[in-house]
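Structural description and commentary
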Amino acid sequence: MTATGPGATEVPRGYVEHLFDIRGRVAVVTGGGSGLGAAIAVGFGQAGARVVVADINDDGAASTVEQVESVGGDARALHLDVVDRAAVEAAADQICGELGSVDVLVNSAGSAFRCPAEEFPEDRFDYILSLNLKGTYLCCQAFGRKMLARGKGSIINMASIGAFVAYPLASAYLASKGGVLQVTRALALEWRDRGVRVNGIGPTLMESPLTRSAAQRSSVTADFITARMLRPRLGLPRELIGAAIFLASDASELVTGHTIMCDDGYLTA
Ligand SMILES: NC(=O)c1ccc[n+]([C@@H]2O[C@H](COP(=O)([O-])OP(=O)(O)OC[C@H]3O[C@@H](n4cnc5c(N)ncnc54)[C@H](O)[C@@H]3O)[C@@H](O)[C@H]2O)c1
């Protein structure tokens, strides 16, 4: 048990001033070229972090970088396939070599595929599990090692309400997000005493290109979810930025292994 000296229970003058301050921190956002990852990357950029937008989609990543730079922020794009272990490890080396360290990792690269379970194609199941779960895991591993070596870092994994509840035509997605939830807990437990925190964000159904393209194929899943919402509206990508900054910053020093639900109360019903 760490000894607590005199003054340990006091709130030092000016303590709150830097609580949510992520200025100068290096934040890698996978899937930062679109949707939720793009919004978080832009939010981090506005907050003064040095942002690395890591995506398999170079045009998307470039557009996010442009948005950060247009408000005077610091961002760069990095081509990355999160399911390619060697590429992920090389990216972690490259970023640490160029920027000195990685303080924050957001795992937002992910996808969905809608299909009845009895017909779900095996290759689509493998793709969703590989991208959403293994891709998250590989990035946690490679960037986590760098953070462990420094004794400091915060990882934020994109989960979903689908980590807790089911909805139709999404069996692979639900399995992957349940896995992300448990990986988040597992790594948090292993890494707490070495300075690395691992948390998740669990959004409700959000306004994003992923939601739009899935709904074009079938509205069954979205209709099921929206019919159970406490108020009938999708979340907006920017509405996740507050939770992401909280988890990235020292304000969440005692928070690890949790998934913060940004679900507009969805799980209460
Ligand atoms: N949209 C929602 O309603 C919603 C709700 C809850 C959780 N989520 C989760 O949030 C995350 C982001 O979703 P989104 O709506 O922003 O999706 P999106 O499709 O808009 O963005 C996903 C990004 O991931 C990138 N990507 C795909 N495969 C990749 C790979 N192999 N390597 C690197 N990048 C890759 C894509 O190029 C894209 O830029 C996903 O994990 C998703 O499951 C989304």
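Let us look at the structure shown here. These numbers were taken from a predicted model, which means no experiment stands behind them.

Re the packing of helix α1 (residues 35–46) against helix α2 (residues 58–69)
- Between α1 and α2, the shortest axis-to-axis distance is 9 Å and the interhelical angle comes to 25 degrees. When the axis of α1 is compared with that of α2, the two are roughly parallel. α2 is crossed by α1, and the crossing has right-handed handedness. Across from Ala-38, Ala-41, Val-42 and Gly-45 in α1, the residues of α2 making contact are Thr-64, Gln-67 and Val-68.
- Classifying every residue of the contact of α1 with α2 by side-chain character gives four nonpolar, three polar and no charged.

Digging into the pairing of strand β1 (residues 26–30)
- Buried residues dominate β1, accounting for five of its five residues.
- Neither face of β1 is exposed, since Val-26, Val-28 and Thr-30 on one face and Ala-27 and Val-29 on the opposite face are all buried.
- Where β1 and strand β2 (residues 50–55) come together, five bridges link them in parallel fashion. Paired with Val-28 across the bridge in β2 is Val-52.
- As a crossover connection, the stretch from β1 through α1 into β2 is right-handed.
- Judged from the four bridges that link them, β1 and strand β4 (residues 104–107) form a sheet pairing that is parallel.

Examining unusual backbone geometry
- For Leu-169, which is not a glycine, the phi torsion comes out positive at approximately 70 degrees.
- Residue Leu-169 is classed as buried on the basis of its C-beta count, with 21 C-beta atoms lying within 10 Å.
- For Asp-264, which is not glycine, the phi torsion reads 55 degrees and is therefore positive.

Here we look at the nonpolar core
- Membership of the largest hydrophobic core comes to 76 residues, with the highest contact counts inside it found for Ala-27, Ile-40, Ala-41, Val-51, Val-53 and Ala-244.
- Tallying contributions element by element places helix α4 (residues 122–150) first for this core, with ten residues.
- Other than its neighbours up to four places away in sequence, Ala-27 contacts Phe-44, Ala-49, Val-51, Asp-103, Val-104, Val-106 and Ala-248.

As for the site of the ligand
- In the vicinity of the ligand, 31 residues are found, and the nearest of them are Gly-31, Ser-34, Gly-35, Gly-110 and Leu-210.
- Listed by contribution, the elements that provide at least two residues to the shell around the ligand are α1, α4 and α6 (209–217).
- In terms of residue class, the shell around the ligand is made up of 13 nonpolar, 16 polar and two charged.

Here's the deal with the packing of helix α3 (residues 85–99) against α4
- Where α3 contacts α4, the two axes come as close as 9 Å, and the packing angle between them is 30 degrees. Judged by the angle between their axes, α3 and α4 are roughly parallel. At the point where α3 passes α4, the crossing takes the right-handed sense. On the side of α3, the interface is formed by Arg-85, Val-88, Glu-89, Ala-92 and Cys-96, while α4 contributes Leu-138, Cys-139, Ala-142, Phe-143 and Lys-146.
- Residue composition of the contact of α3 with α4, grouped by class: seven nonpolar, no polar and three charged.

Some points on the pairing of strand β6 (residues 196–203)
- For β6, the tally of buried residues reaches eight of eight residues, placing the bulk of the element in the interior.
- Residues of β6 alternate between two faces, with Val-196, Val-198, Gly-200 and Gly-202 on one and Arg-197, Asn-199, Ile-201 and Pro-203 on the opposite face, all of them buried.
- Judged from the six bridges that link them, strand β5 (residues 153–158) and β6 form a sheet pairing that is parallel. Within β6, the residue paired with Ile-155 across the bridge is Val-198.
- Running through helix α5 (residues 171–191), the crossover from β5 to the neighbouring parallel element β6 is right-handed.
- As defined by bridge partners, β6 adjoins strand β7 (residues 259–262) across four bridges and the pair is classed as parallel. In the strand pairing of β7, Pro-203 is matched with Cys-262.

Here is what the cut-offs are and how they apply
Residues numbered from 1 in each chain as written. Predicted model: local features only at pLDDT ≥ 70, side-chain atom pairs only at ≥ 80, totals over all residues. Axes fitted to C-alpha atoms, helices over the stretch in contact; angles between N-to-C directions. Helix = DSSP H or I, 4+ residues; strand = E, 2+ residues; numbered from the N terminus. Parallel < 35°, antiparallel > 145°, perpendicular 65-115°, else oblique. Left-handed = near helix turned anticlockwise from the far one by under 90°. Contact = placed C-beta atoms within 7 Å. Nonpolar A, V, L, I, M, F, W, Y, C, P; charged D, E, K, R; others polar. Buried ≥ 20, exposed ≤ 12 C-beta atoms within 10 Å, placed from the backbone. Pairing = 2+ DSSP bridges. Right-handed = clockwise from strand over helix to strand, strands pointing away. Core = buried A, V, L, I, M, F, W, Y, C linked by C-beta atoms within 7 Å. Near = placed C-beta within 6 Å.

Without other data, these values stay purely geometric and don't point to any function.
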